[in-house]
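Residue-level structure breakdown
Below are the chains, spelled out letter by letter.
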Amino acid sequence: MACLMIQGPARMEGSIPVQGSKNSTLPLLAATLLCKGETVLENCPALSDVTACCEILRSLGCRCVADEGKIAVNAEDVVTSEIPDELMRELRSSIVFLGPVLGRTGRAELTFPGGCEIGARPIDLHIAALKKLGAVIEESGGRLCCSAPQGLTGADIVLPFPSVGATENIMLAAVCAKGITTIKNAAREPEIVDLADFLQECGAKIGGAGESTLCIEGGRPLHGAVHRVIPDRIWAATFLSAAAATGGEICLTGAQPAHLVPVLPVLEEAGCRIRCTYDTITLKAPAVLRAVSPVRTMPYPGFPTDAQAPLMAMTCLARGTSLFVENIFECRYKHAPELLRMGANIRTEGKVAVVEGVRRLFGTRVCARDLRGGAALAVAGAAAYGQTAIEHAELIERGYESLEKSLSAVGIPAWME
Ligand code: EPZ
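Computed from a prediction, not measured in an experiment: that's the story for all the values here. (Residues numbered from 1 in each chain as written. Predicted model: local features only at pLDDT ≥ 70, side-chain atom pairs only at ≥ 80, totals over all residues. Heavy atoms only, no water.)

1. Here's the deal with the domain arrangement of the chain
Worth spelling out the cut-off: The split into domains, and so the bounds of each, comes from an automatic or database assignment of domains. When checking whether two residues touch, look at their non-hydrogen atoms; a contact exists if any pair is within 4.5 Å. Buried surface area refers to the total accessible area, computed with a probe of radius 1.4 Å, that the two partners give up upon joining, counted for both partners together.
In terms of domain boundaries, the chain breaks down into domain 1 (3-15 + 232-416) and domain 2 (23-228). Between domain 1 and domain 2, the C-alpha centre-to-centre distance is 31 Å. Listed as interface residues are 20 residues of domain 1 and, on the opposing side, 22 residues of domain 2. Together, the buried faces of domain 1 and domain 2 total about 1,700 Å²; carbon and sulfur atoms form 54% of this surface. It is Y300, R398 and E401 in domain 1 that bury the most area against domain 2; as a group they hold 37% of the surface buried on that side.

In structure tokens, the structure reads:
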């Protein structure tokens, strides 16, 4: 079990490049299955989830080489349609391989995905949409046996909820389908736009990415491409929250401020001064943070659920009462009891969390229960008086590359034990 150690209180200051987006890299890796020839993804983070996706590609018969942030994939020799159970269970994103494997080979056999314990994580929207494209999907004992006897055919799909993963899965199947597919109530996250950009660089025709209605013209052969992954907006939100919590001043380089439009106003309301250029975000924290207006997590361009935990850690030290409403996942406050152990004052009831600011947090032994909840404990540990030991830090490593090194690079003494 990995343990992230942080010696606080420390002031976060300096400049640091934003990590490449985990939630963009994962579906992009799945998309490489559809490309003839070699594809190179640049700016990929070195994360256990990314490694797991590379293993899935190799298990399907692809050549996949990761080196210094670049991942080269050649999917010429895909030899199977079956994804090993142990790889499926390693991460939630494994389900996004369903669409491309089915589209590429006409079959797919896989088990239900793993992922963070932040909720049920059903895949009913994925299944219903792929069936509309002509897939035959049987479920038995947690295993999905999928086939497309007549191939996939474009269809008009309406998503009851703008699911990110379902939108990605449909996009990856639709580029293989005969005819036009439209997705209404599609997810609008920047990761969707990045996936659409990549597919178009490979020869696909996709309209409306980033809007609620996506239109995909299927059946066009896709060639390889070199694509730079967008910066990770949640990694950025995490470091901005830590700089705010520690009274620091930080400059994030290689950022895309536009992706943080729902988050920056909340940090400004807390008293932070924020300046953005084309690709940097600079935050200067106030001496004392102010509580913020209710933060309601919503699909993009609303406030991102993944930033709820890190930002909550910041509000633990804000003067006044802050309120959070978690509308996306049903079990995403597991970091609250751990923050209470550090001296925070948080009450949760269903979707709602009420945070009463306290003057100080104190370092102690805490436990990461999921990826972003673990990141929240790191934010709190940076500001807390004394040493914080975060157990199960391997959960944090799923989304933050060498977090201890990144924190140390901007003035927060941190190391792994
Ligand atoms: C993606 O998960 C992200 N993961 C999540 O980030 C992120 O929190 C989430 O989108 C929302 O933005 C990756 O991109 C790898 P959804 P995904 O499908 O695709 C329900 C992180 O910390 N739903 O948009 O699984 C679901 O239960 C991770 O980096 C169904 O009911 O999210 C949830 O309530 C955590 N049926 C809501 O939709 C379905 O078939 C949002 O899920 C699919 C989803």
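There's more to say after this.
2. A few points about the site of the ligand
Cut-off, in case you're wondering: Each residue is tested against the molecule or strand, and it is near if at least one of its non-hydrogen atoms lies within 4 Å. Polar contacts here mean pairs of N or O atoms no more than 3.5 Å apart (in protein, one a potential hydrogen donor and the other a potential acceptor; neighbouring residues in sequence count only if both atoms are side-chain atoms). Residue-level accessible areas treat just the shown protein chains as cover; the underlying method is Shrake-Rupley with a 1.4 Å probe. Labels follow the DSSP assignment, with helices taken as runs of H or I lasting at least four residues and strands as runs of E lasting at least two, numbered in each case from the N terminus.
In the region of the ligand, 22 residues are neighbours, and R92, D124, S163, D306 and I328 sit closest. At a separation of 3.0 Å, an oxygen atom of the ligand approaches a polar side-chain atom of K22. Interatomic distance of 3.2 Å between a side-chain N/O atom of R121 and an oxygen atom of the ligand. When the free accessible area of the ligand is taken as 820 Å², the share hidden by the protein chains comes to 89%. Counting only elements with at least two residues in the shell around the ligand, the list comes to α1 (22-31), α5 (124-132), α6 (164-174) and α12 (371-383).

3. Here we look at the state of the cysteines
Put simply, the test is: Here, the term disulfide refers to a pair of cysteine sulfur atoms separated by no more than 2.5 Å.
A complete count under the given rule lists 0 disulfides for this structure. Sulfur of C316: no disulfide; nearest cysteine sulfur belongs to C272 and is 15 Å away.

4. Brief notes about the sheet that holds strand β21 (residues 365-367)
Stated formally: A strand pair is defined by DSSP finding two or more bridges across the two strands. Helix axes use the C-alpha atoms of the stretch in contact, all axes being lines fitted to C-alpha atoms, and the angles between their N-to-C directions lie in the range 0 to 180 degrees.
Read across the open sheet, the 4 strands follow the order β21-β22-β1-β23; overall the sheet is mixed. Every interior strand has two partners, whereas the edge strands, β21 and β23 (414-416), have only one. The average undirected angle you get between the axes of adjacent strands in this sheet is 20°. Relative to β23, strand β1 (residues 4-8) runs antiparallel, the two being bridged by 3 bridges. Residue I6 lies in a different strand from β23, and its bridge partner there is A414. Across the sheet, α12 is in contact with β1, β21 and β22 (386-391); its angle to β1 comes to roughly 25°.

5. Side note on unusual backbone geometry
G8 connects to P9 through a cis peptide bond whose omega is -5°. Counting through the fold element by element, P9 comes out in the loop between β1 and β2 (13-17). Cis geometry marks the peptide bond from Y300 to P301; its omega dihedral reads 15°. Tracing the backbone shows P301 in the loop between β17 (295-296) and α10 (308-315). Phi angles above zero are rare outside glycine, and S402 is one such case at about 45°. Looking at the secondary structure, you find S402 in the loop between β22 and α13 (403-409).

6. Topic: the packing of helix α8 (residues 233-245) against α10
Relative orientation and spacing of two packed helices are given, respectively, by the angle between their axes and the distance between those axes. Which entries qualify depends on this criterion: We call two directions roughly parallel when the angle between them is under 35 degrees, roughly antiparallel when it is over 145, roughly perpendicular when it lies between 65 and 115, and oblique otherwise.
Where α8 contacts α10, the two axes come as close as 9 Å, and the packing angle between them is 5°. As the angle between them shows, α8 and α10 are arranged roughly parallel. On α10, the residues that touch T238, S241, A244 and A245 of α8 are P310, L311 and M314.

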